[in-house]
Amino acid sequence: MQADQSALQCNACGGLCYFSPERSALECLSCGECYDLGQPDDYLARDEFAHRPDVAEPEDNITPAQRTHQCQNCGGEVLFTGPALSAHCPYCNGPVVLVSGDAGYRTMALIPFRVDAAFAKRLAQKWAASRVACPAGLADVVAQGDVAGLYAPFWTFDSDEVVQYWANFVKPGGKAIRISSTKGQMKIAFDDMLMPASPHVTPLIRDGILHDFDPRDLKPYRAGYLAGFAAERHHQTVAEGIAANSADKDLLIRNHIKYKIDRTGVHGIRYLTDTSGIHYRRILLPVWILHYSYGGHAYKIAVSGIDGRTFGERPFARRRLALYSAAISACVIALGMAIGAAAAF
Amino acid sequence: MLAETSPLFAAAALFGLSTYFGLIPIHKLIQMHEARHELRQGSASRLRRAGGWVVVALWLLTVMWCAVFIGDWWASGDYQAASERAWQRIGILAKLAASAGGVR
Ligand SMILES: [Zn+2]
Ligand SMILES: [Zn+2]
């Protein structure tokens, strides 16, 4: 982190460089010279690290950043590297102030931006325009918004689970509903499971736009990739990261059990799992976030910096919802009355 | 009280109520549609949103049940007999709902 500033200076003219998604290289703002950030040993970025919950593993990789901004609205701590400083928080669009001494854990790898700001904005507009039952003119409102490029902190977790489960299901047939119970054992192997490493990174960002995350695209962490973008550093210990994402993991395990049982009306699932082979990475993934407000509410649309996949929040038009509701109501009532009339005779 | 009105008036009232209370299920339906098409398959967010079908099913079944009763009443002209048949149908609906419990 200490060599950051000099690493971002152009060798030819001394100007400031930024990372260009289009050329996937550091580009000088003054003379246009490009610098490739790749190294022969980039494949090492795919390496994973073992974690054993029963053994205390003090992590000493805590490094303070020189210039961190903290959001006065959501509390997010964001690092702006190089040019194109933004005065707003990429997560919530709140104002940010300079703070010192933001200690974070070492980021092991990242995927550099491949989609640039202008394209990301067009994708966000396209997404907004294609919404069902959205207010008229939503795309125009979205067009007014600004996109912020952010390297968002994520975990990848591997683990092997040996799950013992008990559950009830509904047995069809006969006159009465019968509830049966079942139990069993299964193995689940989670591989490169993406988990947000910050409370500011919502699961919607992970599940909405990062479908095609591929660990083979990871590059070793280098400050040059961050030049011109915001980044949030890793603040969670491995144990904290696992704990923060336990609700999601629980949901996934329950879903695996449901599929394994493969019956109707599966409910009352209880399980015990023996977790082993935990491996993790602390990584940064590129995300464009567009903020806009509609009717006094703030919304955001996220665009993947890897492949441009888009997902977000949007308002609904009450009148259009009512129209759909009326149409479906009319159909159901007509059908119901026809059935009822037939039943009367 | 309902017996003193006409079946067609009851149908109109049901239409109004169903449209009003349908706003929430329709909202859920659109969110589920977006989740199916846009959220990553098997992801936690998609599984959470898929839970919205309960609200949709409850709305549709309730409206359907009321409409079948009104249709029966309208055709037979016998409010008492129609409402007796309606209560019998609740048992069938409950079974339907229970067996739908595993559908996703
Ligand atoms: Zn230069
Ligand atoms: Zn913020």
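Asker: Looking at this structure, how should I read the overall build of chain B?
Answerer: Counting its secondary structure elements, chain B contains five helices and zero strands. Going from N to C terminus, chain B has its helices and strands arranged as α-α-α-α-α. A total of 104 residues make up chain B; the buried ones form 34% of that total. A fraction of 57% describes how many contacts in chain B between residues 6 or more apart in sequence connect residues 24 or more apart. Accessible surface for chain B amounts to roughly 5900 Å². Of this, 68% is attributable to carbon and sulfur atoms.

Asker: I keep staring at the coordination of the zinc ion (ligand 1) and nothing clicks. Help me out?
Answerer: Each donor-metal-donor angle in an ideal tetrahedron of four donors is 109.5 degrees, and each such angle in an ideal octahedron of six donors is either 90 or 180 degrees. All names here are of chain A. Here the zinc ion (ligand 1) is held by the protein donor atoms Cys10 (SG), Cys13 (SG), Cys28 (SG) and Cys31 (SG), which lie 2.3 Å from it. Coordination at the zinc ion (ligand 1) is tetrahedral: its four donor atoms span angles of 101 to 116° at the metal. Mapped onto the polypeptide sequence, the residues donating to the zinc ion (ligand 1) form the spacing pattern C-x2-C-x14-C-x2-C. Of this pair, Cys10 sits in the loop between helix H1 (4-7) and strand S1 (17-20) while Cys31 sits in the loop between strand S2 (25-28) and strand S3 (34-35), and the two are 21 residues apart along the sequence. With a relative accessible area of 41%, Cys31 lands in the partly exposed category.

Asker: So what exactly am I meant to see when it comes to the interface of chain A and chain B here?
Answerer: One widely used convention gives an interface's size as the accessible area the parts lose upon coming together. Every contact between the two is made by 49 residues of chain A and, on the other side, 44 residues of chain B. Both faces considered, chain A and chain B share a buried interface measuring about 3800 Å² in area, 68% of it formed by carbon and sulfur atoms. Among the residues of chain A in contact with chain B, Asp207(A), Ile333(A) and Met337(A) are the three that bury the most area, contributing 15% of the side total. Seen at the junction of chain A and chain B, the total is five salt bridges. Between Glu34(B) and Arg314(A) there is a salt bridge, with the nearest N and O atoms lying 2.9 Å from each other. At the boundary of chain A with chain B, the tally comes to 11 residue pairs in polar contact (both at pLDDT 80 or more). Looking at which element gives the most residues to the side of chain A that touches chain B, the answer is helix H8 (residues 318-343) of chain A, with 18 residues. Of the residues belonging to the side of chain A that touches chain B, the class tally is 29 nonpolar, 11 polar and nine charged.

Asker: Just checking my understanding: could you explain the pattern of salt bridges for this structure?
Answerer: For side chains of opposite charge, pairing can occur when their charged atoms come near one another. Counting across every chain of the model gives 18 salt bridges over all chains. Linked by salt bridges that have partners in common, Arg206(A), Asp207(A), Asp248(A), Arg40(B) and Arg48(B) make up one network.

Asker: What is the right way to look at the confidence of the model for chain A in this model?
Answerer: Low pLDDT means the predicted coordinates in that region are not meant to be read closely. Confidence in the prediction of chain A, expressed as mean pLDDT, is 88, and 92% of residues score 70 or more. For chain A, H1(A) is the element with the lowest average pLDDT, namely 60, and strand S17 (residues 310-312) of chain A is the one with the highest, namely 95.

Asker: Which parts of the structure should I look at to understand the domain arrangement of chain A?
Answerer: All names here are of chain A. Structurally, chain A comprises domain 1 (1-37) and domain 2 (51-314). Taken together, the contact between domain 1 and domain 2 spans 13 residues of the former and 20 residues of the latter. Across the domain 1/domain 2 interface, buried area totals approximately 1400 Å², and carbon plus sulfur atoms make up 66% of it. For the interface between domain 1 and domain 2, the tally reads zero salt bridges. Put simply, domain 1 and domain 2 have two residue pairs in polar contact (both at pLDDT 80 or more) between them. Element by element, the count of residues in the side of domain 1 that touches domain 2 is highest for S1, at three residues. Classifying every residue of the side of domain 1 that touches domain 2 by side-chain character gives 10 nonpolar, one polar and two charged.

Asker: In this structure, what is going on with the coordination of the zinc ion (ligand 2)? I would like to understand it.
Answerer: Residue and element names in this part refer to chain A. In the first shell of the zinc ion (ligand 2), the protein supplies Cys71 (SG), Cys74 (SG), Cys89 (SG) and Cys92 (SG), at 2.3 to 2.4 Å from the metal. Taken together, the four donor atoms coordinating the zinc ion (ligand 2) and their angles of 98 to 115° define a geometry best described as tetrahedral. Ordering the donors of the zinc ion (ligand 2) by residue number gives the pattern C-x2-C-x14-C-x2-C. Pair noted here: Cys74 is in the loop between strand S6 (68-71) and strand S7 (77-80) and Cys92 is in the loop between S7 and strand S8 (96-99), with a separation of 18 residues, a long-range link. Classification of Cys74 as partly exposed rests on a relative accessible area of 29%. The exposure class assigned to Cys92 is partly exposed, which follows from its relative accessible area of 25%.

Asker: I keep staring at the pairing of S1(A) and nothing clicks. Help me out?
Answerer: Regular strands have side chains that alternate between both faces of the sheet. Of the strand pairs in this sheet, S1(A) and S2(A) are connected by four bridges, and their pairing is antiparallel. Looking at the pairing, Phe19(A) lines up with Leu26(A) of S2(A).

Asker: Honestly, empty space enclosed by the protein in this entry has me stumped. Any pointers?
Answerer: Leftover empty space is mapped by rolling, across the atoms, a probe with the size of a water molecule. Residue and element names in this part refer to chain A. Under the criterion given, the structure shown has one cavity of 30 Å³ or more. Each pocket or cavity is described by its volume, and for the largest cavity that value is around 110 Å³. Contributing to the lining of the largest cavity are Thr202, Leu204, Ile205, Ile209, Ile289, Lys300, Ile301, Ala302, Phe311, Gly312 and Glu313. Taken together, the residues of the lining of the largest cavity sort by class into seven nonpolar, two polar and two charged.

Asker: When you look at the sheet that holds S3(A) in this model, what are you seeing that I'm missing?
Answerer: In a beta sheet, neighbouring strands pair by backbone hydrogen bonds and run either parallel or antiparallel. The antiparallel open sheet is built from three strands, whose spatial order is S1-S2-S3 (chain A). Lying at the two open borders of the sheet, with one neighbouring strand each, are S1 and S3 of chain A.

Asker: I'm lost on helix H4 (residues 53-76) of chain B in this one. Help?
Answerer: In an α-helix, one turn spans 3.6 residues; hence positions three or four apart end up facing the same way. All names here are of chain B. Here H4 is 24 residues long and its end C-alpha atoms lie 34 Å apart, about the 34 Å a rise of 1.5 Å per residue gives. Three or more residues of H4 are buried, namely Val56, Trp59, Val63, Ala67, Val68, Phe69, Ile70, Gly71, Asp72 and Trp73. Two residues or fewer past H4, Gly77 is found with a positive phi of approximately 70°.

Asker: What is the right way to read the environment of Pro40(A) from this model?
Answerer: Secondary-structure assignment places Pro40(A) in the loop between S3 and strand S4 (49-51). Put simply, Pro40(A) and Asn93(A) are 53 residues apart on the chain and 38 Å apart in space, counted from C-alpha to C-alpha.

Asker: Sorry, what's going on with the packing of helix H1 (residues 7-21) of chain B against helix H2 (residues 23-38) of chain B here?
Answerer: For any two helices packed against each other, the geometry is given by the interaxial angle and the distance between the axes. Residue and element names in this part refer to chain B. Viewed as axis vectors pointing N to C, H1 and H2 meet at an angle of 45°, and their least axial separation amounts to 4 Å. Classified by the angle their axes make, H1 and H2 are oblique. Contacts from Thr19, Tyr20 and Phe21 of H1 reach H2 at Leu23, Ile24 and Pro25.

Cut-offs used in this document
Residues numbered from 1 in each chain as written. Chains lettered and ligands numbered in written order. Predicted model: local features only at pLDDT ≥ 70, side-chain atom pairs only at ≥ 80, totals over all residues. Heavy atoms only, no water. Helix = DSSP H or I, 4+ residues; strand = E, 2+ residues; numbered from the N terminus. Buried < 20%, exposed > 50% of the residue type's maximum accessible area, 1.4 Å probe, protein only. Contact = heavy atoms within 4.5 Å. Areas by Shrake-Rupley, 256 points an atom, 1.4 Å probe, with all protein chains shown as cover. Donors = N, O, S within 2.8 Å, 3.2 Å for Na, K, Ca; no water. Tetrahedral: all angles 85-135°; square planar, octahedral: opposite > 155°, others 65-115°. Buried area = accessible area lost by both parts, 1.4 Å probe. Salt bridge = Lys/Arg side-chain N within 4 Å of Asp/Glu carboxyl O. Polar contact = N/O pair within 3.5 Å; in protein donor to acceptor, adjacent residues only side chain to side chain. Nonpolar A, V, L, I, M, F, W, Y, C, P; charged D, E, K, R; others polar. pLDDT = per-residue confidence, 0-100. Domains from an automatic or database assignment. Pairing = 2+ DSSP bridges. 1 Å grid on protein atoms, 1.4 Å probe; cavity = no way out; pocket = protein on both sides within 12 Å on 5 of 7 lines; lining within 4 Å. Points joined across faces, edges and corners; volume = space filled by probe spheres on them. Expected span 1.5 Å × (residues − 1). Axes fitted to C-alpha atoms, helices over the stretch in contact; angles between N-to-C directions. Parallel < 35°, antiparallel > 145°, perpendicular 65-115°, else oblique.

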